[in-house]
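# Per-entry structural report
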Amino acid sequence: MTDTSSIWLPYTQMKTAPEPIEVVSTLDTRIELKDGRTLIDGIASWWTAAHGYNHPYIVEKVQEQLEQMPHVMLGGLVHNPIKKLTSRIAAMLPGSLNKCFVAESGSVSVEVGMKMCLQYYLNRGVKGRSKFVHFRDGYHGDTLGTMGICDPDEGMHSLFGDALVDNYLQELPRTAEEANQFAEWLLKNSNQIAGVITEPLVQGAGGMVFHEPETLQWIRKACDQAGVLMIVDEIFTGFGRTGTMFAIDQAGIIPDVVTLSKALTGGFVPLSIAVAREEIFESFYSDDPMKALMHGPTYMGHALGCAAANASLDLFQENDCLSAVAQINMQLGYELEKCREVACVKDVRTLGAIGVVQTHEGFDVQELKPKFIDAGVWVRPFRDIVYLTPAYTITPDDLTQLTESIYSVLST
């Protein structure tokens, strides 16, 4: 008989947290618990399982790859799954975003994107550009470099201030006047800045904070005027979550680097990609070995992960997922609206397959979680936010059970 005493859980005070709930299996939008209960998953395991759990097509393709070649080092070798995947991603993204660095976690892809920007200037003989601009309510990962470009007051990383690189925190421009002020500030400080990084349309871990596509257009224009590179973190928003395949599609911009992960493999295996424009890559393409990008995770280009990602992309193309997202958006908007009647609710907002109910004050997350489980759903609130990011395969009835559970739990 095993226990959980050797497990260090994420985002958890291990001394006071209740025992985690054991899962024995998953299927589509269902989580089967060891005690026999079944939960409807409202967040698709941090929105990775966009096609639902255990999709048979991805299972088939992963099994085929597992039997043939689960992994081989990418140092000096290459394989068909990564060639196929990178070609497809390059074709899906706008402009010259066509150079794909395939790693494991989303945080690593952001770190790689930052490293690309830093070395881009160094390779061109430009020194002093060692800072990044990031925004209030932003989140880009938990590794040391990405902690330095998250909101320092958000909570998770505030303890580490003295250990982090001091970057430039700015307010996200939401009006034309704020955009002009940001552009002026960026131009004035551009000789110190390697890049500006932002989450497009939705700042996830910062509180599911939305902004308009114009904000991205303003940031792109400011970066162009200042000669600064722009990184867009599509780890949360990519692959249909906001209603278009990528959130940047709604703004019509071409960043210098895009980072992807989460739904890339349909929730099967870890994989991430930092995609750079051709012009960025050209600064590394040289006879000088010192101008190479010296980065190489052990499981970079993981063949099994690439096979899962290719299968996931097949499903995105064949199943008209964007239409499914549009239907989910309509239902979320209609059914969550009644939550405004609840006294503790401050705001209700939806975008694509994202539904957010924000309360006036924070709540005891450990107190709310059992109530949702008793309602037969898996919802993981944080701070003052209860949110839904379901699989695109969720049925209308299951989505209704999720939205009604939020209304019911917050009403008690």
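Residues numbered from 1 in each chain as written. Predicted model: local features only at pLDDT ≥ 70, side-chain atom pairs only at ≥ 80, totals over all residues. Heavy atoms only, no water.

### Considerations on the overall build of the protein
Formally: Strands here mean DSSP runs of E at least two residues long; helices mean DSSP runs of H or I at least four residues long; both are numbered from the N terminus. Three exposure classes are used, based on accessible area relative to the maximum for each residue type with a 1.4 Å probe and protein chains only: buried under 20%, partly exposed in between, and exposed over 50%. A contact between two residues is defined here by any heavy atoms of the two lying within 4.5 Å. The protein chains shown are the only cover counted for residues, whose accessible areas, like all others here, come from Shrake-Rupley with a 1.4 Å probe. Neither His nor the chain termini are counted; the positive set is Lys and Arg, and the negative set is Asp and Glu. Here the site of a charge means NZ on Lys, CZ on Arg, CG on Asp, or CD on Glu.
Looking only at helices and strands, one finds 13 helices and 16 strands in the protein. Its C-alpha atoms give the protein principal-axis dimensions of about 60 × 55 × 45 Å. Out of the 412 residues in the protein, the part that is buried amounts to 51%. Within the protein, contacts between residues separated by at least 24 positions form 71% of all contacts whose residues are at least 6 apart in sequence. Carbon and sulfur atoms provide 53% of the accessible area of the protein, an area that totals close to 18,900 Å². Once the 31 positive and 51 negative side-chain charges of the protein are each reduced to a mean point, those two points are 5 Å apart.

### Quick notes on the side chain of Ser-283
Within the secondary structure layout, Ser-283 lies in the loop between α9 (278–282) and α10 (303–318). Ser-283 sits in the buried class, given a relative accessible area of 12%. Sequence-distant contacts of Ser-283, defined by excluding residues within four places in its chain, comprise Tyr-120, Asn-123, Arg-124 and Lys-291.

### Digging into the packing of helix α11 (residues 321–336) against helix α13 (residues 396–411)
Using the following cut-off: In this analysis an axis means a line fitted to C-alpha atoms, helices contributing only their contacting stretch, and an angle means the value between N-to-C directions, from 0 to 180 degrees. In a left-handed crossing the near helix is turned counterclockwise from the far helix by less than a right angle, and in a right-handed crossing that turn is clockwise. Under the grouping applied here, Gly and all other residues not named as nonpolar or charged are polar, the nonpolar ones being Ala, Val, Leu, Ile, Met, Phe, Trp, Tyr, Cys and Pro and the charged ones Asp, Glu, Lys and Arg.
Between α11 and α13, whose axes approach to 10 Å, the crossing angle comes to 30°. As for the relative orientation of α11 and α13, their crossing is right-handed in sense. When α11 is examined against α13, the residues Ile-328, Gln-331, Leu-332, Glu-335 and Leu-336 are found in contact with a partner set consisting of Pro-396, Leu-399, Thr-400, Thr-403 and Ile-406. Grouping the constituent residues of the contact of α11 with α13 by class yields six nonpolar, three polar and one charged.

### Quick look at the pattern of salt bridges
Worth spelling out the cut-off: When a carboxyl oxygen of Asp or Glu lies within 4 Å of a side-chain nitrogen of Lys or Arg, that pair is called a salt bridge.
Inspection of every chain in the model, using the stated rule, returns 17 salt bridges. The shortest N-O distance in the salt bridge between Glu-171 and Arg-136 comes to 3.2 Å. With Glu-171 in the loop between β6 (168–170) and α6 (176–189) and Arg-136 in the loop between β5 (131–135) and α5 (144–147), the pair connects residues that are 35 residues apart, well separated along the chain. Exposure remark for Glu-171: the relative accessible area of 51% places this residue in the exposed category. On the basis of relative accessibility, which here comes to 27%, the residue Arg-136 falls in the partly exposed class. Between Asp-347 and Arg-349 there is a salt bridge, and its shortest N-O distance comes to 2.8 Å.

### Thoughts on the sheet that holds strand β11 (residues 257–260)
To be explicit about the condition: Two strands pair if DSSP finds at least two bridges between them.
Spatially, the seven strands line up as an open sheet ordered β4-β12-β11-β10-β7-β5-β6, and their pairing is mixed. One side of each edge strand has no neighbouring strand; the edge strands of this open sheet are β4 (97–103) and β6. Direction aside, the axes of adjacent strands within the sheet are offset by 20° on average. Where strand β7 (residues 193–198) lies against strand β10 (residues 229–233), four bridges are found, and the strand directions are parallel. Along β10, the bridge assignment pairs Val-196 with Met-230. Running at roughly 150° to β7, α6 makes contact with β5, β6 and β7 of the sheet. Across the sheet, helix α7 (residues 213–226) is in contact with β5, β7 and β10; its angle to β10 comes to roughly 155°.

### Concerning the UniProt feature "binding site: substrate" (unreviewed entry) in the protein
We apply this condition: UniProt positions are given in the numbering used here, feature names are shortened, and annotations may be inferred rather than shown by experiment. Between N or O atoms, a polar contact is any pair within 3.5 Å; within protein, one atom must be a potential hydrogen donor and the other a potential acceptor, and residues adjacent in sequence are included only when both atoms are from side chains.
Here the UniProt-annotated "binding site: substrate" (unreviewed entry) positions come out as Trp-46, Tyr-139, Lys-262, Gly-296 and Arg-380. Across 335 residues in sequence, these annotated residues place their C-alpha atoms as far as 33.9 Å from one another, rather than forming a single compact spot. Examined against the element boundaries, Trp-46 turns out to sit in helix α1 (residues 44–47). Its relative accessible area of 31% is what places Trp-46 among the partly exposed residues. Look past the residues within four positions of Trp-46 in its chain and what remains in contact with it is Tyr-11, Lys-262, Arg-380 and Tyr-387. Of note, Tyr-139 is situated in the loop between β5 and α5. Discounting chain neighbours no more than four positions away, the residues touching Tyr-139 are Tyr-11, Cys-150, Met-156, His-157, Glu-199, Ala-205 and Asp-233. Side chain to side chain, Tyr-139 and Asp-142 meet in a polar contact 2.8 Å long.

### Here we look at the pairing of β10
Of all five residues making up β10, five are buried, and the element is well covered by its neighbours. Neither face of β10 is exposed, since Leu-229, Ile-231 and Asp-233 on one face and Met-230 and Val-232 on the opposite face are all buried. For β10 and β11, the ladder comprises three bridges, and the chain directions are parallel. Counterpart to Val-232 in the pairing with β11 is Val-258.

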